[in-house]
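Chains, contacts and geometry: an overview
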Amino acid sequence: MISKDSKIFIAGHRGMVGSAVWNALVDNGYKNLLGANSKDLDLRNQLEVEYFFAREKPQVVIDAAARVGGIMANKTYPYQFLMDNMRIQNNLIESSLGHECEKFIFLGSSCIYPKFSPQPIKEEYLLTSELESTNEAYALAKIAGVKACEYIRTQFGKDYSSLMPTNLYGPRDNFDLETSHVLPAMITKFHQAKLNNHEPVLLWGSGSPKREFLHVNDLAKAVLFSLENKLPENLYNIGTGEDISIFELANMIQEIVGHEGEIKWDSDKPDGTPRKLLDVSKMSDLGWRAQIKLEEGIRSTYEWYLENSYDLKKVKIS
Ligand SMILES: NC(=O)c1ccc[n+]([C@@H]2O[C@H](COP(=O)([O-])OP(=O)(O)OC[C@H]3O[C@@H](n4cnc5c(N)ncnc54)[C@H](OP(=O)(O)O)[C@@H]3O)[C@@H](O)[C@H]2O)c1
Ligand SMILES: C[C@@H]1O[C@H](OP(=O)(O)OP(=O)(O)OC[C@H]2O[C@@H](n3cnc4c(=O)[nH]c(N)nc43)[C@H](O)[C@@H]2O)[C@@H](O)[C@H](O)[C@@H]1O
């Protein structure tokens, strides 16, 4: 039985998702949380992970540790995105099973679904046709994680499940222009351009792809919900159920940041999948729903960025 005293290991607790989950659990009275940063515990190392589990014996594991990045990072480093993620999740899942961890929550991503899925994307569309090439490696790793949890659930009857969030954003996001996702990249680019006399901003691709954006605090509540309720199945989409084009997103962020210059589009950069709107009815039927509106979430994220950004002069615009 999970209680407020259960020992819960949040793998990746310093990342955007892990830290939001940590805060949500603390706010809800969970007293026995466990975290480890990658310098002290490299989750790619099976022996280190095995020793950690033998010593700590967590009752619950929330896997928010991964090699994560935007479209260009995924496209440029497919080997690392495949292998690091496979190793991290394999070690966590295997040690959790071996040390009788009661509950495991695996975090994947909406890029596990086929590139040309019917929209909105239902969980059952998994593995029905080919993946988007820019994030195939990452998607393959995440699909293996989803399947491992599914097989443990069916073969051993354990409460292991997988949440597939859509594109996330919020405090502690990665604002580095080479490796980040689009939303934090746009905040950085528009802010920097505003400071530089409203110079033009160069964005990637055509602007026509559509994306669904979920604030990380909403995802954290979905994780809390999944911790406190036994999910009847393995795989659940987590999103808002609404998407917008990258072009519209650019206009929204430009207005919030107060940039008044031109927007240019670099057609040499990839668009990625044309659309990946999740069908979130399975999770909302159980009782979880996103609360934070996109515009409100971007405004608060921009405030966080202004309060926490490092020396902005060092941020390069690509
Ligand atoms: N960001 C998104 O848009 C998005 C969308 C859908 C799903 N997700 C999923 O959400 C999860 C978390 O993503 P995020 O955005 O929070 O990423 P993040 O901010 O980059 O955080 C990743 C975390 O993983 C840890 N980590 C990475 N490699 C590790 C290693 N070898 N050993 C130990 N720890 C390691 C990092 O630890 P240190 O800080 O100690 O290095 C960091 O805390 C991932 O599973 C991702 O697939 C993210
Ligand atoms: C959630 C994640 O989504 C990722 O896919 P994905 O949405 O295309 O990744 P993003 O990097 O967020 O890009 C989304 C869209 O925004 C465009 N875009 C426009 N300007 C920029 C910019 O300055 N920076 C970035 N990064 N994009 C930009 C980009 O071309 C693409 O069409 C996957 O690669 C991951 O595996 C993961 O699943």
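Residues numbered from 1 in each chain as written. Chains lettered and ligands numbered in written order. Predicted model: local features only at pLDDT ≥ 70, side-chain atom pairs only at ≥ 80, totals over all residues. Heavy atoms only, no water.

**Quick look at the site of ligand 2**
- Inspection of the region around ligand 2 gives 22 residues, with Ile-71, Lys-189, Arg-211, Pro-270 and Asp-271 positioned closest.
- Note that an oxygen atom of ligand 2 is positioned 2.8 Å from one of the side-chain N or O atoms of Ser-109.
- Ser-180 is positioned such that a nitrogen or oxygen atom in its backbone is 3.0 Å from a nitrogen atom of ligand 2.
- Within the complex, the protein chains bury 98% of what would otherwise be the 710 Å² of accessible surface of ligand 2.
- Among the elements that line the shell around ligand 2, the one with the most residues is helix H6 (residues 182-195), at 3 residues.
- Looking at the shell around ligand 2 residue by residue, the classes come out as 10 nonpolar, 8 polar and 4 charged. (Near = heavy atom within 4 Å. Polar contact = N/O pair within 3.5 Å; in protein donor to acceptor, adjacent residues only side chain to side chain. Areas by Shrake-Rupley, 256 points an atom, 1.4 Å probe, with all protein chains shown as cover. Helix = DSSP H or I, 4+ residues; strand = E, 2+ residues; numbered from the N terminus. Nonpolar A, V, L, I, M, F, W, Y, C, P; charged D, E, K, R; others polar.)

**As for the packing of aromatic side chains**
- Applying the stated criterion to the full structure yields 9 aromatic pairs.
- Ring geometry for Phe-52 against Phe-53: centres 6.0 Å apart, planes inclined by 70°, an arrangement best described as edge-to-face.
- Centroid distance Phe-104 to Tyr-160: 5.4 Å. Interplanar angle 20°. Geometry classified as stacked. Note that Phe-104 is positioned in strand S4 (residues 103-107) and Tyr-160 in strand S5 (residues 159-165), a separation of 56 residues in sequence. Both residues of the pair, Phe-104 and Tyr-160, count as buried.
- Site record: aromatic cluster; members linked through ring pairs are Phe-175, Tyr-302, Trp-304 and Tyr-305.
- In this structure, Arg-67 packs its charged tip against the face of Phe-81, placed 5.8 Å from the ring centre. (Phe/Tyr/Trp six-rings, centres within 6.5 Å; stacked < 30°, edge-to-face > 60°. Buried < 20%, exposed > 50% of the residue type's maximum accessible area, 1.4 Å probe, protein only. Lys NZ or Arg CZ within 6 Å of the ring centre and 35° of its normal.)

**A few points about the pattern of salt bridges**
- Overall, the coordinates contain 18 salt bridges when judged by the stated rule.
- Note that Lys-7 and Glu-56 form a salt bridge whose closest N and O atoms lie 2.8 Å from each other. In this pair, Lys-7 is assigned in the segment before strand S1 (8-11) and Glu-56 in helix H2 (residues 46-56), connecting sequence segments 49 residues apart.
- Judged by its relative accessible area of 19%, Glu-56 falls in the buried class.
- Of the charged contacts, one joins Arg-67 and Asp-84 as a salt bridge, the two residues approaching to 2.8 Å between their closest N and O atoms. You can see Arg-67 sitting in the loop between strand S3 (60-63) and helix H3 (71-76) and its partner Asp-84 sitting in helix H4 (residues 78-98), a full 17 residues away along the chain. (Salt bridge = Lys/Arg side-chain N within 4 Å of Asp/Glu carboxyl O.)

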